[in-house]
Amino acid sequence: MSKTINQRNNSAAHFAEAKKYFPGGVNSPVRAFKSVSGPPLFIRSGSGCRIMDEDDNEYLDFCCSWGPLILGHDNELIREEVIATVRKGTSFGTPTVLGNKLGKLILDHNRFIEKIRFVSSGTEAVMSAIRLARGATGKSKIVKFEGCYHGHVDSLLVKAGSGLATFGESTSAGIPEPFARETLVIPLNDLEALDQVLEDHADDIAGIIIEPVPANNGLLLQNPCFLLALRERCYAHGVLLIFDEVISGFRVGFEGAAGLYHIQPDIITYGKIIGGGMPVGAYGASHEMMSNIAPDGPVYQAGTLSANPVAMSAGYAALRQLAAPGFFADQEYRTKYFISILQDYCAGKNYPVHFPTIGSIFWIAFAQNRIQRADQIDPKKMELFKILHHELLQRGCYLGPSGYEVGFVSAAHKIEDLEEAAALICEAMDLVFASV
Ligand SMILES: *Cc1c(COP(=O)(O)O)cnc(C)c1O
């Protein structure tokens, strides 16, 4: 009954060519499909919740460009506004009314920031937020959590050192050890480790950065009481709390995780959805905190293409639709429905897999028990994801090409599409567990 997707010959040929031009054939590493089988898909077009590759195969898309496309592909309003803007020129390097419109829309609907600065990527947003935290406090160390990703910022490409040491070890070549040592790494959901690091280092810590909805290493949903305790400890020790909401912002609600959990961070970073599919990032905070930023204050940060008008118009067209009443409730409703089909099917078969979900994010966790920390993930189980990914590509369903990636449901994924996808995933799960 399953339709069989033929082959990836054209994608394979394009990938062979791309290897001549780009390291590993790609411009961002996970695109190379190293954790799954076969050549990466070269995507030609997307419409709604589906994408089409260069071999004319169509897929239900749950990667959605790694999160930005909460309205699906080729959203009509975004497309029309972008075209209208492009006709007037692509960049001026001056303030524009479009920047004002997007800034006002965001600030009018977000109780947790009073001022915002646009940049061009999530990485840039985080890098700038960290500089702001250091500039505002005059301290230099940053605490991050194992399993949270914050872009390819030097001081955050670190993991916990060996033993009990919380000083970071870089996870990339090219990061001097002294930079890595400015970062302290502790496990998620571990109040004791948090208290210890604050006791030992609070006088040197500028800020603690967390993905309040950790979604880059599986979906490691935290207990709200842990996040509240984190907030309280930061106040008590004079340490700034930075929420990296590059994924959760505009995803778990217009106000992101800050709004969902009713927690006021000191600085919030955004990216992905904020640009409506164009390269935009941002960071925001109180008027007072943002007064540290140049030209008002001494913390320098700039960008030739920052608040680019075409990108601003895409972001504005996207976020206007998200601000409509009921948008996020509907997203969550359809996602929960989709996940309940998968959960019920796999529970009925006693498959050791479960599906954590929040808002319109989900993860396929090949484990029996709830996972809240990076070290609870069994890397060996990624072999199962590899089989699942392959079988789903054969059937016309595209997940991000790694078992550590979460899936995203967009507004374009209607109930029928989700039922179709769920049937394909259940069928593929049978093959995954027949193999073990
Ligand atoms: C994607 C992501 C980033 C990096 O954003 P880029 O636009 O890829 O630079 C930073 N933080 C989080 C939480 C992310 O998910």
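For the structure, check the block above.
Residues numbered from 1 in each chain as written. Predicted model: local features only at pLDDT ≥ 70, side-chain atom pairs only at ≥ 80, totals over all residues. Heavy atoms only, no water.

Chemist: Could you give me a rundown of the site of the ligand, with the residues and numbers involved?
Modeler: All residues adjacent to the ligand are Ser121, Gly122, Thr123, Tyr149, His150, Gly151, Glu211, Asn216, Asp244, Val246, Ile247 and Lys272. The backbone of Gly122 places a nitrogen or oxygen atom 2.9 Å from an oxygen atom of the ligand. Note that a nitrogen atom of the ligand is positioned 3.4 Å from one of the backbone N or O atoms of Tyr149. Burial of the ligand by the surrounding chains reaches 83%, relative to a free accessible area of 380 Å². (Near = heavy atom within 4 Å. Polar contact = N/O pair within 3.5 Å; in protein donor to acceptor, adjacent residues only side chain to side chain. Areas by Shrake-Rupley, 256 points an atom, 1.4 Å probe, with all protein chains shown as cover.)

Chemist: Tell me about the pairing of strand S10 (residues 240-244), and name the residues and values.
Modeler: Counting buried positions over the five residues of S10 gives five, a clear majority of the element. Side chains Leu240, Ile242 and Asp244 of S10 all project onto a buried face; the interleaved residues Leu241 and Phe243 project onto the opposite face, where all are buried too. By the bridge criterion, four bridges tie strand S9 (residues 205-210) to S10 in an arrangement that is parallel. In the sheet register, Ile208 faces S10, and the bridge partner there is Leu241. The handedness of the S9 to S10 crossover, carried by helix H7 (residues 224-237), is right-handed. Between the parallel pair S10 and strand S11 (residues 267-270), the chain is carried across by helix H8 (residues 256-261), and the sense of this crossover is right-handed. (Buried < 20%, exposed > 50% of the residue type's maximum accessible area, 1.4 Å probe, protein only. Helix = DSSP H or I, 4+ residues; strand = E, 2+ residues; numbered from the N terminus. Pairing = 2+ DSSP bridges. Right-handed = clockwise from strand over helix to strand, strands pointing away.)

Chemist: Provide a residue-level description of the pattern of salt bridges, including the pertinent values.
Modeler: Taken as a whole, this structure holds 24 salt bridges when the rule is applied. Between Glu420 and Arg50 there is a salt bridge, with the nearest N and O atoms lying 3.0 Å from each other. With Glu420 in helix H13 (residues 415-434) and Arg50 in strand S2 (residues 50-53), this residue pair connects regions lying 370 residues apart in the sequence. When the shortest N-O distance is used, the salt bridge between Asp378 and Lys381 registers 3.5 Å. (Salt bridge = Lys/Arg side-chain N within 4 Å of Asp/Glu carboxyl O.)

Chemist: An account of the state of the cysteines is needed here, citing residue identities and associated values.
Modeler: Inspection of the entire model under this criterion finds zero disulfides. The cysteine Cys64 is free of any disulfide, with Cys63 supplying the nearest cysteine sulfur at 7.1 Å. Of the residues examined, Cys64 reaches a relative accessible area of 2% and is grouped as buried. No disulfide involves Cys234; its sulfur sits 13 Å from the nearest other cysteine sulfur, which is in Cys148. (Disulfide = S-S within 2.5 Å.)

Chemist: Explain the sheet that holds strand S13 (residues 357-358) to me, using residue names and the numbers behind them.
Modeler: One open sheet accounts for three strands, arranged S13-S14-S16; its pairing is antiparallel. Strands at the two margins of the open sheet, each flanked by one partner only, are S13 and strand S16 (407-408). For S13 and strand S14 (residues 361-362), the ladder comprises two bridges, and the chain directions are antiparallel. Bridging from a neighbouring strand, Ile358 pairs with Ile361 of S14.

Chemist: Give a detailed account of the sheet that holds strand S3 (residues 58-61), specifying residues and quantitative values.
Modeler: The strand order across the open sheet formed by four strands is S1-S2-S3-S15, and the pairing between neighbours is mixed. If you trace the sheet from one side to the other, it starts and ends with strand S1 (43-47) and strand S15 (397-398), each paired once. Note: S2 against S3, three bridges, orientation antiparallel. Paired with Met52 across the bridge in S3 is Glu58. Lying over the sheet, H13 contacts S2, S3 and S15, oriented at roughly 105 degrees with respect to S3. (Contact = heavy atoms within 4.5 Å. Axes fitted to C-alpha atoms, helices over the stretch in contact; angles between N-to-C directions.)

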